[in-house]
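Structural features, examined
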Amino acid sequence: MVRVVVGLVVGKAVKTVGADEVDRLVALLRETHGEIDTIRFDGASDAPADILDECRSFDLMMRPKVVVVDDAEKVVKDSSRALFERYAESPPDSATLVLRSGAWRAGNLDKLIKKVGAIVKCDSLGPADAAQWARARATKRHDATLDPRAAAALIDRIIGRERDRQRLHDLYLRKAKLVANTPGGDRAALAAVERAAAL
């Protein structure tokens, strides 16, 4: 029987590979328990008490649930880490808490998670592995076949776009700094900062 009551998905590729790990966990839990309720929280904006209350409460239909917290490093901080540690010491069987983090700070919580669940590391993929992942994802999610050359071109374009976005961001901020120091440049500086923020 599959039952992970607390899980931690960490690493630079948590948004891509980590999403697959969460999907796999939910699929395994569905095979074992039937219908599963999935609730998502944002670690940057949701409170620890709200997250843990959701984990402790029962679903109205009495279904098991998976509570996924994205950017968990932002909610599991020094001030709230003890709350999550207490939860991991005695988690309920009715919920699976999944903490997803790109920049996790290991500690006592990790030891407690290993006792009742699992920690999955998702390291960044190189271009060849990313292309292979894209092909597998196209097949699994979209029932489509992605040619190896097309997958490689897609990854190259994504990597190039990220580099270009960072370059543009830096250029707009430099422009804002330059025009802010000229008389009447406030409006142009604001526009440059807004363009940088939109990237």
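Residues numbered from 1 in each chain as written. Predicted model: local features only at pLDDT ≥ 70, side-chain atom pairs only at ≥ 80, totals over all residues. Heavy atoms only, no water.

In this section: the pattern of salt bridges. One pass over the full model with this rule turns up seven salt bridges. One salt bridge connects D37 with R63, and the closest N-O pair in it is separated by 3.9 Å. Of this pair, D37 sits in strand β2 (residues 37-42) while R63 sits in the loop between α2 (48-56) and β3 (65-70), and the two are 26 residues apart along the sequence. Classification of R63 as partly exposed rests on a relative accessible area of 22%. A network of salt bridges, in which partner residues are shared, links E35, D37 and R63. (Salt bridge = Lys/Arg side-chain N within 4 Å of Asp/Glu carboxyl O. Helix = DSSP H or I, 4+ residues; strand = E, 2+ residues; numbered from the N terminus. Buried < 20%, exposed > 50% of the residue type's maximum accessible area, 1.4 Å probe, protein only.)

Here we come to the pairing of β2. Sheet analysis places β2 next to β3, joined by six bridges and oriented parallel. Among the inter-strand pairings, R40 is bridged to a residue of β3, identified as V68. Considered for its hand, the β-α-β crossover made up of β2, α2 and β3 is right-handed. (Pairing = 2+ DSSP bridges. Right-handed = clockwise from strand over helix to strand, strands pointing away.)

Where α2 meets helix α3 (residues 81-89), the axes come as close as 10 Å, and the angle between the chain directions of the two elements is 10°. Put simply, α2 runs roughly parallel to α3. Residues P48, I51, L52, C55 and R56 of α2 pack against L83, F84 and Y87 of α3. Looking at the contact of α2 with α3, its residues break down into seven nonpolar, no polar and one charged. (Axes fitted to C-alpha atoms, helices over the stretch in contact; angles between N-to-C directions. Parallel < 35°, antiparallel > 145°, perpendicular 65-115°, else oblique. Contact = heavy atoms within 4.5 Å. Nonpolar A, V, L, I, M, F, W, Y, C, P; charged D, E, K, R; others polar.)

Any residue range with low pLDDT should be treated as having predicted coordinates unsuitable for detailed reading. Across the protein, the average pLDDT comes to 75, with 67% of residues at or above 70. Taken element by element, the predicted model of the protein shows its lowest mean pLDDT in strand β1 (residues 6-10) (55) and its highest in α2 (93). (pLDDT = per-residue confidence, 0-100.)

Another aspect to go through is the side chain of E85. Inspection of the secondary structure puts E85 in helix α3. The side chain of E85 sits in the buried core without any salt bridge; R81 is the nearest counter-charge, 5.1 Å away. Apart from residues lying up to four places away in sequence, E85 is in contact with N108, L109 and L112. (Lys, Arg positive; Asp, Glu negative; His and termini not counted.)

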